[in-house]
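Listed below, chain by chain, are the residues.
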Amino acid sequence: MKVRQLGEQVINQIAAGEVIERPASVIKELVENAVDAGAGNIEIVTAAGGKTLMRVADDGLGMSRDDLELAVRRHCTSKISDDDLFDIRTLGFRGEALPSIGSVARLAIQTRHETEDHAWAIAVEGGKHQPIIPAARAKGTQVEVRDLFFATPARLKFLKSDRAEAAAITEIVKRIALAYPTVGFSLSGADRQAQSWPAARGDEPHLARIAQILGPEFVDNAMEIDAEREGVRLSGFAGLPTHHRGNAQHQFFFVNGRPVKDKLLLSGLRGAYADVLARDRHPVVVLFIELDPGQVDVNVHPAKADVRFRDAQLVRGLLVGAIKRALVDAGHRASTSNAAIALDAIRSHGDTQAGYGFAASPAGGTTNTAYAGRGSGFARATAAANWNPEAFRPLEENEGPVSGFSESAQRAFQTPGQDGFAGLMTPSADARAHETPVETEKTLLPLGAARAQVHETYIIAQTGDGVVIVDQHAAHERLVYERLKEALAKKSVARQMLLIPEIVELPEEDAARLAERADDLEAVGLSLEAFGPGAIAVRETPAILGDMDIQGMVRNLADELAEWDTADGLRDKLDHVAATMACHGSVRAGRRMRAEEMDALLRDMEATPLSGQCNHGRPTWVELKLTDIEKLFGRK
């Protein structure tokens, strides 16, 4: 078969296959053009999920007649200066969007530049251009797309339902709106409920726009991020670990104002929250990365959704470090939604019990008929709840280490002059919370003064304006875990030498990656070196991991390096062992605690980073404000 030059229409349809995947892709391209044109307000209208109608109107600069004629031709753009593809400062730059849309749909454009006496209009249907004609319109541009893929009907079969396509359009608009808070956006149509996000004003427009799109709940439970390193700046907001979601749809990254979904950034986010979030939960973040355009390549993906950084590890390190620093600064802070969830549960339980066991009293109040004449039962219950001081005794010397771990494993965490963390289990004094008077100064502290322990699991503390409920096991587990990690950080990880080095055969490229990271791996107790072109020799492993599958671990590290360019898997294993030891070595649910022990736990929580959640991502405490409690009882 002879080689031949394809026709212009076929070329455009091929380009459309790369750029125009679905209606949301069209909206993305058109809205980005409106933003690049300096629009202050952008109106989007759709029908049938964008399949039959998409209209984007803006009040931007508009185009002259000559510019309009070129705009629907391939590779015609005003956004690249001096043909430099590494100095991109706009969202669009290829000049492919409009001709690609016109090749598979019915495209109509009306535009007016401020220097023109009137507007101009042009239509393109299935790649066929109509003559430019005068039109009536104020300054700005309106682009209307009808009957998407009418020229390539086979592609219609791959579109989803109208509802799903409409939802994808909404998601695209939200992402662009988050990046440009000073631009107003409105989204309406027969296939949706109208939404609008007015242009944000004031000193913090990004925060105002985030509240518009993600809701004030995220703003109340977010940590501000602001860090810079070697010309790369990271800013935005990251949610507390206890404010999480079941999927990654609420993770928004922007590079120089461009919405991206980049696996390097997702990897960094996962690493930053690894210690504080369950694996099946996802943090909520809105983060902006700003750097010199020459340091990032935005021309590596047809839809410009992925980018490539010149120094990827610098960006990832900045992301991980900034979020971890914010988590440490957040201390014991936990999500405010925890209290709302608890109150809703109380109200719903109260609704199911309403009217049961209560009768009107002669005085006009209510009497609990279900418990009438059962005073003896209350007396027995009270007697059974008396404290047992024998339950609080120090660990005896002959009780040995935490079950489930070898002595050598526990010694790996010990520092000279310390007997591990056995002292963490030793009670400080013998007292009873219900016999201890309230100390006013303690109620002014963030977690208040301990007042009681219920079900031998939860500590009730009194604050100046509410009540704090603490899960004693989850809280102490986090405290022990942080101390174990601190011990690991203060000294090198104990290593055990292999009598015979383990030889792991790998593809040459995987072996080379591991050899390049040998110094990083040695810092966490794994000593390895290249053993020929396609093999790695492992000479030492972390002692705390004991007997392990060395072959499997090295292969997993190689896969991680290939996919994410990180080798955090070994550190994760060490942290997992530390977390397991913390879980087994902390105060268990069902153990009675004295007042001094409970107060000491609260003070440690206030001073310990990340104590707002346990190692598994669950909240360690919930606060109920006095005003909320009064509402439950109808006092307000």
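Undergrad: Where do I start with the side chain of Gln 251 in this structure?
TA: Here Gln 251 shows up in strand β13 (residues 251-255). Taking relative accessible area as the criterion, Gln 251 reaches 8% and is therefore assigned buried. Separated by 3.2 Å, the side chain of Gln 251 and the backbone oxygen of Pro 283 make a polar contact. In contact with Gln 251, not counting residues within four places along its chain, are Arg 175, Leu 266, Leu 269, His 282, Pro 283 and Val 285.

Undergrad: Any chance you could explain the environment of Gln 249 here in plain terms?
TA: As for its placement among the helices and strands, Gln 249 is situated in the loop between β12 (244-245) and β13. For the pair Gln 249 and Glu 171, spaced 78 residues apart in the sequence, the C-alpha separation amounts to 9.0 Å.

Undergrad: Which parts of the structure should I look at to understand helix α2 (residues 23-36)?
TA: The α-helix winds at 3.6 residues per turn, so residues separated by three or four positions along the chain end up facing the same way. Over its 14 residues, α2 runs 20 Å from end to end, which matches the ideal 20 Å to within 8%, given 1.5 Å per residue. For α2, a buried count of 12 out of 14 residues is recorded, marking the element as mostly surrounded by other parts of the structure. Residues of α2 that are buried include every one of Pro 23, Ala 24, Ser 25, Val 26, Ile 27, Lys 28, Glu 29, Leu 30, Val 31, Glu 32, Ala 34 and Val 35, and no others.

Undergrad: Sorry if this is basic, but what is going on with the pattern of salt bridges here?
TA: Side-chain pairs of opposite charge can arise whenever the charged atoms involved come near each other. Applying the stated criterion across every chain, the model contains 25 salt bridges. Here Asp 604 and Arg 483 are joined by a salt bridge, their closest N and O atoms 3.1 Å apart. On the criterion of sequence distance, the pair formed by Asp 604 in helix α19 (residues 595-607) and Arg 483 in helix α14 (residues 472-490) is long-range, its members being 121 residues apart. Accessibility expressed as a relative area gives 30% for Asp 604, which makes it partly exposed. Residue Arg 495 is joined to Glu 540 by a salt bridge in which the shortest nitrogen-to-oxygen separation is 3.3 Å.

Undergrad: Mind showing me how you'd approach the packing of aromatic side chains here?
TA: Geometry of an aromatic ring pair is reported as the spacing of the ring centres plus the angle between the planes. Per the stated rule, a full pass over the model turns up one aromatic pair. Ring centres of Phe 254 and Phe 288 lie 5.0 Å apart, and the angle between their planes is 15°; on these two criteria the pair is classed as stacked. Of the two residues, Phe 254 is situated in strand β13 and Phe 288 in strand β16 (residues 285-290); the sequence distance between them amounts to 34 residues. For Phe 254, a relative accessible area of 0% corresponds to the buried category. Directly above the aromatic system of Trp 120 lies the positively charged group of Arg 65, at a separation of 5.3 Å from the ring centroid. Its guanidinium or amino end placed over the ring of Phe 150, Arg 106 lies 3.9 Å from that ring's centre, counting from NZ or CZ.

Undergrad: It is not clear to me how the sheet that holds strand β22 (residues 458-463) should be interpreted in this structure. Could you clarify?
TA: The strands that make up a sheet are held in pairs by hydrogen bonds between backbone atoms, and each pair lies either parallel or antiparallel. With antiparallel pairing, four strands are arranged side by side in an open sheet as β21-β22-β23-β27. Edge positions in the sheet fall to β21 (449-454) and β27 (621-625), since each has one partner strand and no second. The average angle at which neighbouring strand axes cross in this sheet is 25°, direction not considered. Judged from the five bridges that link them, strand β23 (residues 466-471) and β27 form a sheet pairing that is antiparallel. Within β27, the position partnered with Gly 466 by the bridge is Lys 625. Set on the sheet, α14 makes contact with β21, β22 and β23; between it and β23 the angle comes to about 70°. Relative to the sheet, α19 contacts β21, β22, β23 and β27, its axis offset from that of β21 by approximately 115°.

Undergrad: Please clarify how the packing of α2 against helix α4 (residues 97-104) should be interpreted in this entry.
TA: How two helices pack is summed up by the angle between their axes together with the distance between the axes. With their axes 10 Å apart at the nearest point, α2 and α4 run at an angle of 145° to one another. In the packing of α2 onto α4, the handedness of the crossing is left-handed. Of the residues in α4, those in contact with Val 26, Glu 29, Leu 30 and Asn 33 of α2 are Ala 97, Leu 98 and Ile 101. Split by residue class, the contact of α2 with α4 holds five nonpolar, one polar and one charged.

Undergrad: Even after reading the chapter, I still don't get the sheet that holds β16, so can you show me in this structure?
TA: Read from one edge of the open sheet, five strands run β10-β11-β16-β13-β14, paired in mixed fashion. Every other strand in the sheet has two partners, leaving β10 (222-229) and β14 (258-260) as the edge strands with one partner each. Averaged over all adjacent pairs, the angle separating strand axes in this sheet is 20°, with direction ignored. Examined bridge by bridge, β13 and β14 share three bridges and lie antiparallel to one another. Counted as the bridge partner of Phe 254 is Pro 259 from β14. Running over the sheet, helix α6 (residues 205-214) touches β11 (232-239), β13 and β16 and is turned about 145° from β16.

Undergrad: Sorry if this is basic, but what is going on with a nonpolar patch on the surface here?
TA: Together, Leu 6, Val 10 and Ile 14 make up an exposed nonpolar region whose accessible area comes to about 230 Å². Tracing the sequence through the fold places Leu 6 in the segment before α1 (8-19). By relative accessible area, Leu 6 is classed as partly exposed at 35%.

About the criteria used
- Residues numbered from 1 in each chain as written.
- Predicted model: local features only at pLDDT ≥ 70, side-chain atom pairs only at ≥ 80, totals over all residues.
- Heavy atoms only, no water.
- Helix = DSSP H or I, 4+ residues; strand = E, 2+ residues; numbered from the N terminus.
- Buried < 20%, exposed > 50% of the residue type's maximum accessible area, 1.4 Å probe, protein only.
- Polar contact = N/O pair within 3.5 Å; in protein donor to acceptor, adjacent residues only side chain to side chain.
- Contact = heavy atoms within 4.5 Å.
- Expected span 1.5 Å × (residues − 1).
- Salt bridge = Lys/Arg side-chain N within 4 Å of Asp/Glu carboxyl O.
- Phe/Tyr/Trp six-rings, centres within 6.5 Å; stacked < 30°, edge-to-face > 60°.
- Lys NZ or Arg CZ within 6 Å of the ring centre and 35° of its normal.
- Pairing = 2+ DSSP bridges.
- Axes fitted to C-alpha atoms, helices over the stretch in contact; angles between N-to-C directions.
- Left-handed = near helix turned anticlockwise from the far one by under 90°.
- Nonpolar A, V, L, I, M, F, W, Y, C, P; charged D, E, K, R; others polar.
- Patch = residues over 30% accessible without salt bridge, like charges linked within 9 Å, V, L, I, M, F, W, Y side chains within 5 Å.
- Areas by Shrake-Rupley, 256 points an atom, 1.4 Å probe, with all protein chains shown as cover.

From the geometry alone we can't say anything about function, so treat these as descriptive.
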